[in-house]
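Here's the letter readout for the chains.
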Amino acid sequence: MRRITVLGATGSIGDSTLDVIKRHPERYAVHALTAHRQVDKLAALCREFRPAHAVMGTAEAAAALQALLRADGIKTEVGYGEAALEAVATDAAVDAVMAAIVGAAGLRPSLAAARAGKRVLLANKEALVMSGRIFMDAVREHGATLLPIDSEHNAIFQCLPADDPRYRAGVAKVVLTASGGPFRTRDPDSLHDITPDEACAHPNWVMGRKISVDSATMMNKGLEVIEAHWLFGAPAERIEVLIHPQSIVHSMVSYADGSVLAQLGNPDMRTPIAYGMAYPERIDAGVSPLNLATAGALSFETPDLVRFPCLGLAFDALRAGGLAPAVLNAANEVAVEAFLQGRIRFTDIARVVAGVLERAPGGNADTLEAVLSADQDARRRAGELLENRSSC
Ligand code: NDP
Ligand code: MG
């Protein structure tokens, strides 16, 4: 029986993870569930899964959850804040941690799970974008098992040969596919009028609001390029992005001898989640089998960097290296939040990120302190650009 902590249990990845867990009660038990604000939803999940621990974002939210659970006679221990998140990610009783908090907030607990040598199921791509070197070093040094949950990286992981460097030498490129989001064919001149609800209406996936906006700007693919760099040791020039609107081919690996291996499936996050949970075995994920005879034509095209400037900015940050990816990520989080609150236009997101990235500090991303300080600095500068929108 494997005991799992689900960080970000009330989110979209949390939902899919708990659905897979439910299908295999003989294999998996829930050790801890965490949320930020959604007290009622976490209470319902605690009633269903009876975890030993639950964690909320604040003392007030934790007290509210505690009261609901006590009223039902549920003995789940309730905590709050960063220390409690790290505790449930590192507890000796835990085998695997699903890292599915959104944004930079997921960095510390995800890294703590790696440092505790856990099986880390990494959905929180922002953690790797911010601190790829630190994260990958922690995985190696502490004997953690890192399994990518992002569907593209999970696909690449499935298409790569074993860790033996002799075989890795034959890899020519990793190819990340992207749906192109809801605005792939929309007139670029009309992009400034887009509403948050339109941006969050993804054609193929149902996801949290932040990643949905990132998919619409293609910053999501940009973050994934940086994520692929760290996970697979690929330099920018060996990472290609291809738009594939049907989201059936989840990504590919191209080899020196001309072979291309791809992983296919219906677009459903339960596939990569189940793969990560059971690896190296395979288990039922509740996903309907892919029927290629009825799926229709599969098409591929090169992304237009004028329509999707965020993708180009992410490649720039990867090439610049050091703290630039952490700066890119922080500026993007601030800009996306402002867009979701109706404070800036959709097209301002790339302008804010570019403006902050232009003045990114030099320096290495070798310590968590340096990364977190660059993150805070970039948030402050993004905030200034937002206040003075005439400058962005
Ligand atoms: P959601 O917004 O649906 O869920 C986010 C989760 O994180 C919720 O449980 C939320 O709690 C919690 N949370 C939010 N802010 C904080 C915080 N400051 N501290 C602690 N917990 C917090 O996001 P998704 O599930 O869509 O995405 C989660 C991660 O997985 C992201 O990094 C995303 O990029 C990645 N991912 C998601 C995919 C998807 O299909 N959804 C695909 C690939 C990667 P509460 O509900 O209480 O606010
Ligand atoms: Mg993805």
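Here the structure is a predicted model, which is why all the values come from computation and not from measurement. (Residues numbered from 1 in each chain as written. Chains lettered and ligands numbered in written order. Predicted model: local features only at pLDDT ≥ 70, side-chain atom pairs only at ≥ 80, totals over all residues. Heavy atoms only, no water.)

Caption draft 1: Representation of empty space enclosed by the protein. Applying the stated criterion to the full structure yields 1 cavity of 30 Å³ or more. Considered as a void within the structure, the largest cavity measures approximately 30 Å³ in volume. Lining of the largest cavity is provided by Trp205, His250, Gln263, Gly265, Asn266, Asp268, Thr271 and Pro272. Considering only residue class, the lining of the largest cavity consists of 2 nonpolar, 5 polar and 1 charged. (1 Å grid on protein atoms, 1.4 Å probe; cavity = no way out; pocket = protein on both sides within 12 Å on 5 of 7 lines; lining within 4 Å. Points joined across faces, edges and corners; volume = space filled by probe spheres on them. Nonpolar A, V, L, I, M, F, W, Y, C, P; charged D, E, K, R; others polar.)

Caption draft 2: Seen up close, the coordination of the magnesium ion (ligand 2). The coordination sphere of the magnesium ion (ligand 2), as far as protein atoms go, consists of Asp150 (OD), Glu152 (OE) and Glu224 (OE), spread over 2.1 to 2.2 Å. In primary sequence terms, the donor set of the magnesium ion (ligand 2) follows D-x1-E-x71-E. In this pair, Asp150 sits in the loop between β7 (145-148) and α7 (151-159) while Glu224 sits in helix α11 (residues 219-232), placing the two residues 74 residues apart along the sequence. Looking at Asp150, the relative accessible area reads 8%, which means it is buried. Taking relative accessible area as the criterion, Glu224 reaches 1% and is therefore assigned buried. (Donors = N, O, S within 2.8 Å, 3.2 Å for Na, K, Ca; no water. Helix = DSSP H or I, 4+ residues; strand = E, 2+ residues; numbered from the N terminus. Buried < 20%, exposed > 50% of the residue type's maximum accessible area, 1.4 Å probe, protein only.)

Caption draft 3: Fine view of the site of ligand 1. Neighbouring residues of ligand 1: 23 residues in total, closest Thr10, His36, Arg37, Gln38 and Glu126. Ile13 is positioned with one of its backbone polar atoms (N or O) 2.9 Å from an oxygen atom of ligand 1. Arg37 is positioned such that a nitrogen or oxygen atom in its backbone is 2.7 Å from an oxygen atom of ligand 1. Expressed as a share of its isolated accessible area of 890 Å², the protein-covered part of ligand 1 is 87%. The set of elements that each furnish at least two residues to the shell around ligand 1 consists of α1 (12-23) and α6 (125-141). (Near = heavy atom within 4 Å. Polar contact = N/O pair within 3.5 Å; in protein donor to acceptor, adjacent residues only side chain to side chain. Areas by Shrake-Rupley, 256 points an atom, 1.4 Å probe, with all protein chains shown as cover.)

Caption draft 4: Quick look at the packing of aromatic side chains. Counted under the stated rule, the structure contains 5 aromatic pairs. Taking 5.3 Å as the distance between ring centres and 80° as the angle between the ring planes, the aromatic pair formed by Phe183 and Phe346 counts as edge-to-face. Here the residue Phe183 occupies a position in the loop between β8 (171-178) and α9 (196-200), and Phe346 occupies one in the loop between α15 (324-340) and α16 (348-358), the gap between them amounting to 163 residues. You'll find Phe183 and Phe346 in the same group, each marked buried. In textbook terms, an aromatic cluster arises when at least three aromatic residues are bridged by ring pairs, as seen for Phe157, Tyr275 and Tyr279. (Phe/Tyr/Trp six-rings, centres within 6.5 Å; stacked < 30°, edge-to-face > 60°.)

Caption draft 5: View of the pattern of salt bridges. Using the criterion set out here, one finds 27 salt bridges in the structure. Arg133 is the partner of Asp366 in a salt bridge, and the nearest nitrogen-oxygen pair spans 3.8 Å. Of this pair, Asp366 sits in the loop between α16 and α17 (368-387) while Arg133 sits in helix α6; the two residues are 233 residues apart in sequence, bridging distant segments of the chain. Taking the relative accessible area as the measure of exposure, Asp366 reaches 45% and is therefore partly exposed. For Lys221, the salt bridge goes to Glu224, with nearest N and O atoms at 2.7 Å. Taken together, the residues span about one helical turn, with Lys221 and Glu224 both in helix α11 at a distance of 3 residues. Residues joined in a network through salt bridges with shared partners are Lys125, Asp150, Glu152, Lys221 and Glu224. (Salt bridge = Lys/Arg side-chain N within 4 Å of Asp/Glu carboxyl O.)

Caption draft 6: Summary view of the layout of surface pockets. Counted as a void, the second largest pocket has a volume near 540 Å³. Lining the second largest pocket are 20 residues, and of these Met136, Phe157, Asp163, Arg168 and Leu231 lie nearest its centre. Grouping the amino acids of the lining of the second largest pocket by side-chain chemistry returns 14 nonpolar, 3 polar and 3 charged.

Caption draft 7: Molecular detail of the domain arrangement of the protein chain. Domain parsing of the protein chain yields domain 1 (2-148) and domain 2 (321-382). Taking the mean C-alpha position of each, domain 1 and domain 2 sit 26 Å from one another. Taken residue by residue, the interface counts 12 residues in domain 1 and 12 residues in domain 2. Interface area for domain 1 against domain 2, summed over the two sides, is near 910 Å², with a carbon-plus-sulfur share of 68%. A per-residue breakdown of the area domain 1 buries against domain 2 is headed by Val129, Met130 and Ile134, which together make up 52% of the total. The tally of links between domain 1 and domain 2 comes to 1 salt bridge. At the junction of domain 1 and domain 2, the tally comes to 1 residue pair in polar contact (both at pLDDT 80 or more). Every element with two or more residues in the side of domain 1 that touches domain 2 is listed here: α5 (107-115) and α6. The element best represented in the side of domain 1 that touches domain 2 is α6, accounting for 6 residues. (Domains from an automatic or database assignment. Contact = heavy atoms within 4.5 Å. Buried area = accessible area lost by both parts, 1.4 Å probe.)

Caption draft 8: Quick look at the environment of Asn388. Tracing the backbone through its elements, the reader meets Asn388 in the segment after α17. Residues Asn388 and Lys221 lie 167 residues apart in sequence; the distance between their C-alpha atoms is 28 Å.

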